[in-house]
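The chain contents come next:
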Amino acid sequence: MLPIIICEDNRIQREKIKELIKQIIAKEDYRFEVVLSTDDPGIVLNLVNSQEDFKGIYFLDVDLHNEINGIKLAEIIRKKDFSGHIIFITTHSEMSYLTFKYKVEALDYILKDNFDSIRSKLAECLAYIHENYNSLGQKQSVLTLKQDEMVINIPFDNIMFIEASPNAHKVIVHEENRHTEVYGALNELESKLDENFYRCHRAYLVNRPKIREINKKDRIIYMQNGEECLASFRSIGGLVK
């Protein structure tokens, strides 16, 4: 489910935009959800910073009557969520050039001239994002990790299992012929992986299609590449099923 964030300082317009978006989502059955509607850019940034790899859709007014305007807010968001979809909704058409100056890569710039046109533009934006989101989901089953100054993309299908590292705040990703140690936590990574990954132990996440066999008595999982990982007493039954 892709979260939608609305930041608009006019309460009536904010509620109207929120309602229009919810109507479009319900009609088209998109896997989007409005999780925040506010006039405070600080609350938006708190949400974006609450997760290591936050990805969202942002509908931002340019003039928020705040020390952080919509353009500046978008610039900060873009540094954290480089693949997020940013759409400006405003009466200030003359400020559209600023989206290029600050390199926020806005998807669209919707003018608040009348709500009929806003509805159609919102529908166009959400349809584009839906199509793009689905195609990415089909083509990109990858885990994105940060290692020092590098960003590493590992296809889900390459991963045997992931274990908690003896080094604090790190995990080790086991591929067939490679181990990669990165900063992170198993709970955080578990939310990014698909249904093939199973939390078999507090220290292990295993990719089920990569299992060769399971020793239920000793609670040892043997992987296709010859490596082993452990299963807890409570999880072994669910894993076997």
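Computed from a predicted structure; not experimentally measured. (Residues numbered from 1 in each chain as written. Predicted model: local features only at pLDDT ≥ 70, side-chain atom pairs only at ≥ 80, totals over all residues. Heavy atoms only, no water.)

Student: Whenever I open this one, the overall build of the chain confuses me. Can you help?
Tutor: If you tally the helices and strands in the chain, you get 7 helices and 15 strands. By the burial criterion, 42% of the 241 residues in the chain qualify as buried. Relative to all contacts within the chain whose residues are 6 or more apart in sequence, the contacts with residues 24 or more apart total 51%. (Helix = DSSP H or I, 4+ residues; strand = E, 2+ residues; numbered from the N terminus. Buried < 20%, exposed > 50% of the residue type's maximum accessible area, 1.4 Å probe, protein only. Contact = heavy atoms within 4.5 Å.)

Student: It is not clear to me how the pattern of salt bridges should be interpreted in this structure. Could you clarify?
Tutor: Any two side chains of opposite charge can pair if their charged atoms end up close together. Per the counting criterion, the structure on display carries 10 salt bridges. A salt bridge links Arg212 to Glu213, with the nearest nitrogen and oxygen atoms 3.7 Å apart. Bridged by salt links that share partners, the residues Glu8, Asp61 and Lys112 form one connected network. (Salt bridge = Lys/Arg side-chain N within 4 Å of Asp/Glu carboxyl O.)

Student: When you look at the nonpolar core in this model, what are you seeing that I'm missing?
Tutor: Generally speaking, a soluble globular protein has its nonpolar side chains buried in company with each other. Core analysis: the biggest nonpolar cluster contains 21 residues, and Ile4, Ile21, Phe32, Ile57, Phe59, Leu122 and Leu126 have the highest contact counts within it. Looking at this core, the elements that each hand over two or more residues are strand E1 (2–7), helix H1 (11–28), strand E2 (32–38), strand E3 (57–60), strand E4 (85–90) and helix H5 (115–139). In this view, Ile57 contacts Leu2, Pro3, Ile4, Ile5, Phe32, His85, Ile87 and Ile129; residues no more than four positions away in its chain are not counted. (Core = buried A, V, L, I, M, F, W, Y, C linked by side-chain atoms within 4.5 Å.)

Student: Any chance you could explain the environment of Ile43 here in plain terms?
Tutor: Of note, Ile43 is situated in helix H2 (residues 41–48). With residues near it in sequence (within four places) discarded, Ile43 still touches Leu36 and Thr38.

Student: Would you mind showing me how to read the side chain of Glu163 here?
Tutor: Along the polypeptide, Glu163 turns up in strand E8 (residues 159–164). In this structure, Glu163 is in contact with Val171, Ile172, His174, Leu186, Ala203 and Tyr204, ignoring residues within four places of it in sequence.

Student: Please explain the sheet that holds E1 as it appears in this structure.
Tutor: Strand pairing in a sheet relies on backbone hydrogen bonds. The paired strands run either parallel or antiparallel. Taken in spatial order, the 5 strands of this open sheet run E2-E1-E3-E4-E5, and their pairing is parallel. Of all strands in the sheet, those with a lone pairing partner are E2 and strand E5 (108–111), marking the two edges. Each strand axis lies, on average, 20° off the axis of its neighbour in the sheet, ignoring direction. Direction of pairing for E3 relative to E4: parallel, over a ladder of 4 bridges. Counted as the bridge partner of Phe59 is Ile87 from E4. Sitting on the sheet, H2 touches E1, E2 and E3, and the angle it makes with E2 is about 140°. Contacts from helix H3 (residues 70–80) reach E1, E3 and E4, with the element oriented near 175° to E4. (Pairing = 2+ DSSP bridges. Axes fitted to C-alpha atoms, helices over the stretch in contact; angles between N-to-C directions.)

Student: Can you help me understand helix H7 (residues 233–240) in this one?
Tutor: An α-helical segment advances 3.6 residues per turn. Residues three or four places apart therefore align on the same side. Among the residues making up H7, those that are buried are Ser235, Ile236 and Leu239. Each buried residue of H7 lies within a common arc of 115° when the element is viewed along its axis, so the set occupies one face. The exposed residues of H7 that point more than 90 degrees off its buried face are Phe233 and Arg234. Packing partners of the buried residues in H7 comprise strand E11 (197–201), strand E12 (204–207), strand E13 (211–215) and strand E14 (220–223). (Arc of directions from axis to C-beta.)

Student: Sorry if this is basic, but what is going on with the sheet that holds strand E15 (residues 228–230) here?
Tutor: Pairing in this open sheet of 3 strands is antiparallel, and the strands run E13-E14-E15 from one edge to the other. Pairing within the sheet leaves two strands with one partner each, and these edge strands are E13 and E15. The mean angle between the axes of side-by-side strands here comes to 25°, regardless of whether they run parallel or antiparallel. Taken together, the 4 bridges between E13 and E14 define a ladder with antiparallel strand orientation. Residue pairing for E14: Glu213 is matched across the bridge by Tyr222.

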